[in-house]
Amino acid sequence: MSNTALPVSVETTAVAEAAPVVDYASPAKTTVKQLAKRAAVWAFVGYAGSVGLRLVSNMVLTRLLFPSAFALMGLAQIFISGLQMLTDVGVQTGIIQSKHGDDPKYLNTAWTVQVVRGLVLCFIAAALGWPISLLYKEPSLTWLLPAVGVAIAVMGWKSTNMISARRNMNIGRVTLVELLARLAALVVMVIWGWYRPSVMTLVGGAIVHAIITVIFSHTILPGIRNWFAWDRAAAADLASLGKWVVVSTALTFAANQSDRLILGKLLNLDVLGVLMVAYTLYSMPRELVMTISGSIILPAASRKADLPRHELREKMLRNRRPVLLALALMVALLAVGGDWAVRILYDKRYAAAAWIFPVLALGLWPRFLDITMHDALTAIRKLHYNPAGSVLRIVVIGTGLPIAFHYFGLAGAVVVIALGDVPNYLAGVYGLKRHGLLGISQDLLASGLLLGVLAAGLAVRMALGLGTPFAGGF
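Cut-offs used in this document
Residues numbered from 1 in each chain as written. Predicted model: local features only at pLDDT ≥ 70, side-chain atom pairs only at ≥ 80, totals over all residues. Heavy atoms only, no water. Helix = DSSP H or I, 4+ residues; strand = E, 2+ residues; numbered from the N terminus. Buried < 20%, exposed > 50% of the residue type's maximum accessible area, 1.4 Å probe, protein only. Expected span 1.5 Å × (residues − 1). Patch = residues over 30% accessible without salt bridge, like charges linked within 9 Å, V, L, I, M, F, W, Y side chains within 5 Å. Areas by Shrake-Rupley, 256 points an atom, 1.4 Å probe, with all protein chains shown as cover. Salt bridge = Lys/Arg side-chain N within 4 Å of Asp/Glu carboxyl O. pLDDT = per-residue confidence, 0-100. Phe/Tyr/Trp six-rings, centres within 6.5 Å; stacked < 30°, edge-to-face > 60°. Core = buried A, V, L, I, M, F, W, Y, C linked by side-chain atoms within 4.5 Å. Contact = heavy atoms within 4.5 Å. Axes fitted to C-alpha atoms, helices over the stretch in contact; angles between N-to-C directions. Parallel < 35°, antiparallel > 145°, perpendicular 65-115°, else oblique. Left-handed = near helix turned anticlockwise from the far one by under 90°. Nonpolar A, V, L, I, M, F, W, Y, C, P; charged D, E, K, R; others polar.

On to the overall build of the chain, then. Of regular secondary structure, the chain possesses 17 helices and zero strands. Scored against the burial criterion, the 474 residues of the chain give a buried share of 54%.

This is the structure we're talking about:
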């Protein structure tokens, strides 16, 4: 898985005032195109490393733990993610977009908000544990939610230097921090799972991941030394963007998690655990595109936001073309051969994920089309189209999922989930058209390429007598 006004400023601490503003590889002397290329390389390095670690983690942990452990952790993470998104005041988006995003006063105000928010979320998670355990009739959720909440509280202390690096498209050390944190979490989970296999294995990994991220973000990354501070002008700037980010992220959570919340009531824990494994694989390419969006597309678009609309549109489309080409080939590959990946990585208890994953992979395409262009709207601060798309998705999932499950079982439900991002794409298309940023012809050409490669791949499979990747579900 991926953001309201007060007067005069209050003095920040001496530490904050004295902290230097780092020249991230002299961005003023480097073109946006050069920065974007360098960021793209690091984004793919980080993605490859992250995917490798997650695949190793999944291969080992699915053999040490039972599907019900992944189902329980999945449910807990849904509610924790909901709390995070419902309270997202736009710290990261604010630092990336604001003209004052390199000012220590601004950064320390944002960090203070981030720390307080993390602690509040931890207390809310503790309070919600018991009622949610009653809702899903799973007593273990009473303590599981507070335990996961601890990881959120810890993560609130991470340095704003991680965001500053993304703002300046200098993400080499950020990638290193993220990979080291994942590696540490993997080691802890494997050792814990070997000696005491339970859902707490996954919780322990989440807490260790948060601790390592916080420590390294303050020690490895260049930038200011964060400390508690409050600057009213900075708070006002964050708030002006945050009002839309809160609405957008709240609706995004409801839209993105509604399918699993509904299926959590419809499926038993073992089947839900298998579905969560398919979701894990499905989330990896989504995270790649979200990384590209947050580390490259949005910072680059924000630097060009003052250009006339037609110039901004041309630059976005020109840079988007090779990205869409690569993503179309990726989606086709995952859809044609995703079932083999599941059979290789997991044991027979997770066999049903072999047909679920290729179907979900096809559903990545409308999401990719949306993400790779929607940042143009974010850069010009037209944030209300994303909430509109989320509302439409909630309607589609909320009505279509129970009906499809009733008449067609799990296969019908998975198809509805795969189609769930179409409303977001349509809302984005409407917004891009209104503001002179639409590139529908590029979308159609890329979609045609995807269909052509997909048809060729399926034809080869059939010719070799291998059947379709969807066998077992339809």
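Let's pick the thread back up.
What follows deals with helix α8 (residues 172–195). The end-to-end C-alpha separation of α8 is 35 Å, in line with the 34 Å expected for 24 residues at 1.5 Å each. Of all the residues in α8, the buried ones are Gly172, Val174, Thr175, Val177, Ala181, Ala185, Leu186, Met189 and Gly193.

Attention now goes to a nonpolar patch on the surface. Residues Leu119, Phe123, Trp157, Trp227 and Phe228 make up a contiguous nonpolar surface patch of about 520 Å² in total accessible area. As for its placement among the helices and strands, Phe228 is situated in the loop between α9 (200–219) and α10 (232–266).

In the predicted model, the chain carries a mean pLDDT of 80, and the fraction of residues at 70 or more is 84%. By mean pLDDT, the top-scoring element of the chain is helix α17 (residues 440–463) (93), and the lowest-scoring one is helix α1 (residues 14–18) (33).

On to the pattern of salt bridges, then. Overall, the coordinates contain six salt bridges when judged by the stated rule. In this structure, Asp339 engages Arg461 in a salt bridge whose closest nitrogen and oxygen atoms are separated by 2.9 Å. With Asp339 in helix α12 (residues 309–345) and Arg461 in helix α17, this residue pair connects regions lying 122 residues apart in the sequence. Both residues of the pair, Asp339 and Arg461, count as buried.

Take the packing of aromatic side chains next. Counting across every chain of the model gives seven aromatic pairs. When the ring of Trp111 is compared with that of Trp157, the centres are 5.8 Å apart and the planes differ by 80°; the resulting orientation is edge-to-face. Placement of Trp111 in helix α5 (residues 104–136) and of Trp157 in the loop between α6 (141–155) and α7 (161–167) is noted, with a sequence separation of 46 residues between them. For Trp111, a relative accessible area of 2% translates into the label buried. The exposure class assigned to Trp157 is partly exposed, which follows from its relative accessible area of 31%. Where Trp157 meets Phe228, the ring centres are 5.8 Å apart and the plane angle is 85°; that geometry is what we call edge-to-face. Of the two residues, Trp157 sits in the loop between α6 and α7 while Phe228 sits in the loop between α9 and α10, which places them 71 residues apart along the sequence. We classify Phe228 as partly exposed; its relative accessible area is 31%. The rings of Trp111, Trp157, Trp227 and Phe228 are connected pair by pair, giving a single aromatic cluster.

A few words on the nonpolar core. Ranked by internal contacts, the top residues of the largest apolar core, which has 98 residues, are Leu141, Leu144, Leu263, Leu272, Ile356, Trp365 and Phe368. The element best represented in this core is helix α11 (residues 269–303), accounting for 15 residues. Among residues more than four places away in sequence, those in contact with Trp365 are Leu324, Leu327, Ala328, Val331, Ala446, Ser447 and Leu450. Grouped together as the second largest cluster of nonpolar side chains are 10 residues, Tyr106, Leu107, Ala110 and Ala234 included.

This part is about the packing of helix α15 (residues 385–418) against helix α16 (residues 422–434). Here α15 crosses α16 at 155°, and the two axes come no closer than 7 Å. Judged by the angle between their axes, α15 and α16 are roughly antiparallel. Two packed elements cross with a definite hand, and for α15 against α16 that hand is right-handed. From α15, Tyr385, Asn386, Ala388, Gly389, Ser390, Leu392, Arg393 and Val396 reach across to α16, where they touch Pro423, Asn424, Ala427, Tyr430, Gly431 and Arg434. Classifying every residue of the contact of α15 with α16 by side-chain character gives seven nonpolar, five polar and two charged.

As a further point, take the environment of Met169. Among the secondary structure elements, Met169 is positioned in the loop between α7 and α8. The sequence separation of Met169 and Ile96 amounts to 73 residues, and the corresponding C-alpha distance is 9.8 Å.

Mapped onto the elements of the fold, Ser133 is located in helix α5. The exposure class of Ser133 is buried, given its relative accessible area of 6%.

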